[in-house]
Amino acid sequence: MKEGRRFLHFFDSEEYEQVVPESDEHKKVPAPLFQQPFPEGSPLIDLIPPKKFTIGKTPFIDLVNQRKSRRKYTSDPLTLEELSFLLWSTQGVKEVLKSGRGVRRTVPSAGAKSPLETYLVINRVDGLKSGLYRYISFSHQLLFLKEIDEVEEKMGKLAFDQKFVGAAPAVFCWTAVPYRTEWRYTILSHKFIAIDLGIACQNLYMACEAINLGTVAIGYYEQHKLDELLDLNTDEEFVVLLAPVGRYPEEKKLTEFFKNPKKKVTPESLKRLEGKYKRNNLVEFIFKDSNLVIRIGEFEEILDPFNEVEFKAELSARAMRFEFTKDGKPSKLVVLTEEDAEIELEYVE
Ligand SMILES: Cc1cc2nc3c(=O)[nH]c(=O)nc-3n(C[C@H](O)[C@H](O)[C@H](O)COP(=O)(O)O)c2cc1C
């Protein structure tokens with residue numbers, strides 16, 4: 001595993017010349033294209049130009065404070081302006097260098113080589129039929145590539161069964177075209193490309209927050225199947241990250257769900273909650289290493305106490321509340337699900 005860490009290193013100046021080979025740029029090999037070609041005469045869809053954006057005026061500090069990964073999306077479509085705003089914010093081209101050696105965009109890139117391409121799997125965007133598209137960043141347009149059957153189910157599966165990815169109105173699929181960076185930076189390129197990608201992704205997070213949309217970086221995806229879906233020549237271009245985008249539902253405030261006053265949590269108060277609760281599944285609570293742990297089959301999660309009888313969760317649910325009979329015996333468990341539904345489980349033992 002430690003071998004892989006080398007990729008994050010740079011070199012000292014003394015070793016640089018020995019280790020880093022002469023670049024194709026230095027050997028006067030012509031510069032690569034900084035946008036993947038497409039057949040001449042392909043119909044292109046105009047996006048809303050940045051000067052005409054009416055959205056995205058949220059103060060920067062609010063974006064910083066609100067940003068989080070959002071994995072729940074409503075069935076609302078995105079507007080073309082929203083999609084244009086996100087594409088501009090992540091890969092918009094401000095200047096193609098006259099030397100032909102790179103492109104300046106709304107995001108930085110090592111040597112302005114901008115090794116990324118943006119594909120979009122579109123399911124619900126006003127005015128666009130569903131299918132696979134590519135952002136033609138040099139002219140701020142979209143190229144329709146093909147229709148995709150059962151897009152929702154397919155994208156969920158391609159994201160290692162993360163179904164919310166398929167449920168999003170649009171999924172960004174970034175590819176890397178490594179030679180654009182390798183042309184100058186040879187073996188130094190791969191760290192730089194990863195950094196370029198992270199920056200583009202962070203701009204997507206911020207751009208989404210600015211227009212009340214949600215996104216999440218998706219590093220878990222089926223590499224070969226997705227490369228195939230995008231019809232990529234994988235010697236030169238392959239998928240590097242996904243990001244579903246959509247409008248997020250209002251979340252119920254946890255303080256509305258919690259009913260009890262704050263009371264000090266003690267090992268005794270946690271131990272009192274041990275037991276089994278049932279609806280469809282059997283859910284077990286155990287006191288372990290000074291924590292209350294929820295167990296569902298093989299799965300376990302440590303709960304974060306809000307007070308003696310109410311807990312925040314992250315994976316098994318959003319939160320849960322224990323209820324008792326008048327004589328202080330556990331009676332039921334109320335669970336606030338990821339979808340903000342309240343489910344009751346009866347105490348069984
Ligand atoms: C490179 C990268 C890959 C990620 N892959 C996934 C993923 O496959 N599935 C997922 O649900 N979240 C994924 N995430 C999101 C992280 O889980 C998330 O950023 C982290 O839990 C912190 O939460 P926050 O973004 O809400 O602050 C990924 C994030 C990054 C930066």
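Data block above holds the structure.
Quick caveat, the model's predicted, so the values are computed rather than measured. Along each chain, numbering runs from 1 in the same order as the chain's sequence is written. Per-residue local features are limited, in this predicted model, to residues with pLDDT of at least 70; the limit for side-chain atom pairs, both in listing and counting, is 80 or more; totals at the level of whole chains, interfaces and linings are taken over all residues. Side-chain measures were taken over the full set of non-hydrogen atoms in the model, leaving aside hydrogen atoms and water.

> Hey, could you run me through helix H5 (residues 151–158) in this one?
With a 1.4 Å probe rolled over the protein chains alone, any residue whose accessible area is under 20% of its type maximum counts as buried; one over 50% counts as exposed, and the rest are partly exposed. A run of H or I in DSSP becomes a helix once it reaches four residues, and a run of E becomes a strand once it reaches two; helices and strands are each numbered from the N terminus. Taken as a whole, H5 has its buried residues at Val-151, Met-155, Gly-156 and Leu-158. One side of H5 carries all its buried residues, which in axial view fall inside an arc of 165 degrees. Buried residues along H5 sit in contact with strand S4 (116–122), helix H6 (163–167), strand S7 (170–176) and helix H9 (223–229). Among the residues trailing H5, Phe-160 stands out with phi positive, at a value near 55 degrees. Here, the arc refers to the directions that run from the helix axis to the C-beta atoms. Any two residues having at least one pair of non-hydrogen atoms within 4.5 Å are treated as being in contact.

> Would you explain the site of the ligand in this entry?
The local shell around the ligand consists of Arg-67, Lys-68, Ser-69, Arg-71, Gln-162, Phe-164, Val-216, Ala-217, Ile-218, Gly-219 and Tyr-220. N or O atoms closer than or at 3.5 Å make up a polar contact, with two conditions inside protein: a donor-capable atom paired with an acceptor-capable one, and, for residues adjacent in sequence, both atoms drawn from side chains. With respect to the ligand, the side chain of Ser-69 contributes an N or O atom lying 2.6 Å from an oxygen atom. Residue Gly-219 places a main-chain N or O atom 2.9 Å away from a nitrogen atom belonging to the ligand. Calculation of accessible area relied on Shrake-Rupley with a 1.4 Å probe; when residues are assessed, cover is drawn exclusively from the protein chains displayed. Protein burial of the ligand: of its 610 Å² of free accessible surface, 51% is covered by the chains. A single heavy atom is enough: if one lies within 4 Å of a molecule or strand, its residue is considered near that molecule or strand.

> Please explain the packing of aromatic side chains as it appears in this structure.
Geometrically, a pair of aromatic rings is defined through the distance of the ring centres and the angle of the planes. Stacked, tilted and edge-to-face are the three classes assigned to paired rings of Phe, Tyr and Trp, where Trp is represented by its six-membered ring and a pair needs centres within 6.5 Å; plane angles under 30 degrees give stacked, over 60 edge-to-face, the rest tilted. The final tally for this structure, using the stated rule, is 15 aromatic pairs. Where Phe-258 meets Phe-306, the ring centres are 4.1 Å apart and the plane angle is 15 degrees; that geometry is what we call stacked. You can see Phe-258 sitting in the loop between helix H10 (254–257) and helix H11 (267–271) and its partner Phe-306 sitting in the loop between strand S14 (304–305) and strand S15 (310–312), a full 48 residues away along the chain. The two residues Phe-258 and Phe-306 agree in class, both being buried. Above the plane of the ring of Tyr-205 lies Arg-67, whose end atom (NZ or CZ) is 5.0 Å from the centre. Criterion for a charge above a ring: Lys NZ or Arg CZ within 6 Å of the ring centre, and within 35 degrees of the ring normal. In this structure, Lys-129 is placed above the aromatic ring of Phe-144, and the distance from its NZ or CZ to the ring centre is 4.2 Å.

> Would you mind going over the pattern of salt bridges with me for this structure?
If the charged atoms of two oppositely charged side chains come close together, the side chains can form a pair. By definition here, a salt bridge exists when the distance from a side-chain nitrogen of Lys or Arg to a carboxyl oxygen of Asp or Glu is within 4 Å. Inspection of every chain in the model, using the stated rule, returns 26 salt bridges. A salt bridge links Lys-163 to Asp-161, with the nearest nitrogen and oxygen atoms 3.5 Å apart. Of the residues examined, Lys-163 reaches a relative accessible area of 58% and is grouped as exposed. Here Asp-161 falls in the partly exposed class, since its relative accessible area comes to 48%. Its salt-bridge partner being Glu-300, residue Lys-288 comes within 2.9 Å of it at the nearest N-O pair. Linking Lys-288 in strand S11 (residues 282–288) with Glu-300 in strand S13 (residues 299–302), this pair joins segments that are 12 residues apart in sequence. Look at Lys-288 and you get partly exposed, because its relative accessible area is 33%. Members of the salt-bridge network, linked through shared partners, are Lys-252, Arg-321, Glu-323, Lys-332, Glu-342 and Glu-344.

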